[in-house]
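Remarks on the overall topology
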Amino acid sequence: MKLRLAALSALLVLALVWTAGSRAQISNVPGSTNPVEFYACNWVEGRGMEDLLKVAAEFRDWAKKYDPDYSAWILTPEFHHNTANFDVAWLGSWPDLTSFGQAHANLHAYGRNLTEAFDRVIDCSDRHELVTSILVDAPQGPPENGVVVFHQCRLAPGKTVKDALKAHMEAGAIMKRLGSKQRSWIYTPGLGAGDIDFDYWRLLVFSDYPELAQMLDIYTRGGGKEKTDPIYADIASCDLPTVFDARWAKKGPWYRGAAD
């Protein structure tokens, strides 16, 4: 996959706006931020998920020493159009910039065999992005496995991501009161984003498809649309979503005490 050492640097942003946090945990306070990276990949001919899971196991062993604070998931497109023109993705996060920087250095120094192992399975040379993740509402953190819903959103003239965050928090609270179990974040693009025509991603995460279906039912038939759409009307508009299946590749600070 031509995964450069610098690019794989711990397997989506403007670094100056990140807030450094504790290496021991990721804050669950709404509005808190942390760095996240996203790799869009295609299978090397003859390779598949079984091969990637084997390399992910090698990565977990390596990361116990060299990247302990990293969390990662493998994503596969489920409901999508041309916004997901790849076979598989790798989504990873650190609690802070210090963790990110040290992981990057460690991969340069000690990870050459690991990057070569990934190269033999997936080609991620076309897309690697680094983003700022802003927590909207996920007091228990992300699930180990589940369903990830991405929306591309555009701000109204004169509005900011801070305005959008406030609106998403308000609308999310309404959906929670109506019974939705969604967990949500905002991702703001930065390094590697290229020439894009939107301002941020909105993420909704669910433990499984029944939870996703419950949210859709609440939104379409349970009053969610009528109660939440007006909140965004003058702030932001979001495209129809793309949906991915997610499975954990490495547990980090959200899962302290859990075995990889």
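Attention here is on the structure that accompanies the text. (Residues numbered from 1 in each chain as written. Predicted model: local features only at pLDDT ≥ 70, side-chain atom pairs only at ≥ 80, totals over all residues. Heavy atoms only, no water.)

Here we come to the overall build of the chain. Scanning the chain for helices and strands turns up 7 helices and 9 strands. Within the span of the chain, comprising 260 residues, buried residues form 51% of the whole. (Helix = DSSP H or I, 4+ residues; strand = E, 2+ residues; numbered from the N terminus. Buried < 20%, exposed > 50% of the residue type's maximum accessible area, 1.4 Å probe, protein only.)

Here we take up the pairing of strand β4 (residues 122-137). Pairing of strand β1 (residues 33-43) with β4 involves 10 bridges; the strand directions are antiparallel. The partner of Trp 43 across the bridge, within β4, is Ile 122. With 5 bridges joining them, β4 and strand β6 (residues 183-188) adopt antiparallel strand pairing. By the bridge assignment for β6, Asp 137 is matched with Ser 184. (Pairing = 2+ DSSP bridges.)

Attention now goes to the packing of helix α2 (residues 49-66) against helix α4 (residues 112-119). Closest axis-to-axis distance for the α2/α4 pair is 10 Å, and the angle between their directions is 165°. In terms of axis orientation, α2 runs roughly antiparallel to α4. Crossing geometry of α2 relative to α4 is assigned as left-handed. For the pair α2 and α4, the contacting residues are Leu 52, Val 55, Glu 58, Phe 59 and Trp 62 in the first and Leu 114, Ala 117 and Phe 118 in the second. Within the contact of α2 with α4, the residues separate by chemical class into 7 nonpolar, no polar and 1 charged. (Axes fitted to C-alpha atoms, helices over the stretch in contact; angles between N-to-C directions. Parallel < 35°, antiparallel > 145°, perpendicular 65-115°, else oblique. Left-handed = near helix turned anticlockwise from the far one by under 90°. Contact = heavy atoms within 4.5 Å. Nonpolar A, V, L, I, M, F, W, Y, C, P; charged D, E, K, R; others polar.)

For the structure on display, the rule yields 10 salt bridges. Across the pair Asp 51 and Arg 47 runs a salt bridge whose closest N-O atoms are separated by 3.5 Å. The residue Asp 239 makes a salt bridge to Arg 154 at a minimum N-O spacing of 2.9 Å. One end of the pair, Asp 239, is in the loop between β8 (236-238) and β9 (242-250); the other, Arg 154, is in strand β5 (residues 146-155), and 85 residues separate them in sequence. On the basis of relative accessible area, Asp 239 is assigned to the partly exposed category, the value being 31%. (Salt bridge = Lys/Arg side-chain N within 4 Å of Asp/Glu carboxyl O.)

Attention shifts here to helix α3 (residues 97-110). Here α3 is 14 residues long and its end C-alpha atoms lie 20 Å apart, about the 20 Å a rise of 1.5 Å per residue gives. Residues Ser 99, Phe 100, Ala 103, Asn 106 and Leu 107 constitute the buried set of α3. Along α3, the residues classed as buried sweep out an arc of 130° about the axis, all on the same side. Away from the buried face of α3 by more than 90 degrees, exposed residues Thr 98 and Ala 109 are located. One side-chain oxygen at the N-terminal end of α3 lies 3.0 Å from the backbone nitrogen of Thr 98; it belongs to Asp 96. (Expected span 1.5 Å × (residues − 1). Arc of directions from axis to C-beta. Polar contact = N/O pair within 3.5 Å; in protein donor to acceptor, adjacent residues only side chain to side chain.)

Further remarks concern the side chain of Ser 32. Secondary-structure assignment places Ser 32 in the loop between α1 (5-8) and β1. Among the residues examined, Ser 32 registers a relative accessible area of 18% and is labelled buried. Only 2.7 Å separates the side chain of Ser 32 from the backbone oxygen of Val 29, close enough to count as a polar contact.

Evaluation of the coordinates by the stated rule reveals 2 disulfides. Across the disulfide from Cys 41 sits Cys 124; the S-S distance is 1.9 Å. Residues Cys 41 and Cys 124 are joined by a disulfide whose S-S torsion is about 100°; by sign, that bridge is right-handed. Taken together, the residues span a long stretch of sequence, with Cys 41 in strand β1 and Cys 124 in strand β4 at a distance of 83 residues. (Disulfide = S-S within 2.5 Å.)

One recurring pattern in soluble globular proteins is that nonpolar side chains are buried together. Ranked by internal contacts, the top residues of the largest apolar core, which has 26 residues, are Leu 52, Phe 59, Trp 62, Trp 90, Phe 118 and Ile 122. Ranked by size, the runner-up nonpolar core spans 21 residues in total, among them Ala 40, Val 131, Tyr 187 and Ala 246. (Core = buried A, V, L, I, M, F, W, Y, C linked by side-chain atoms within 4.5 Å.)

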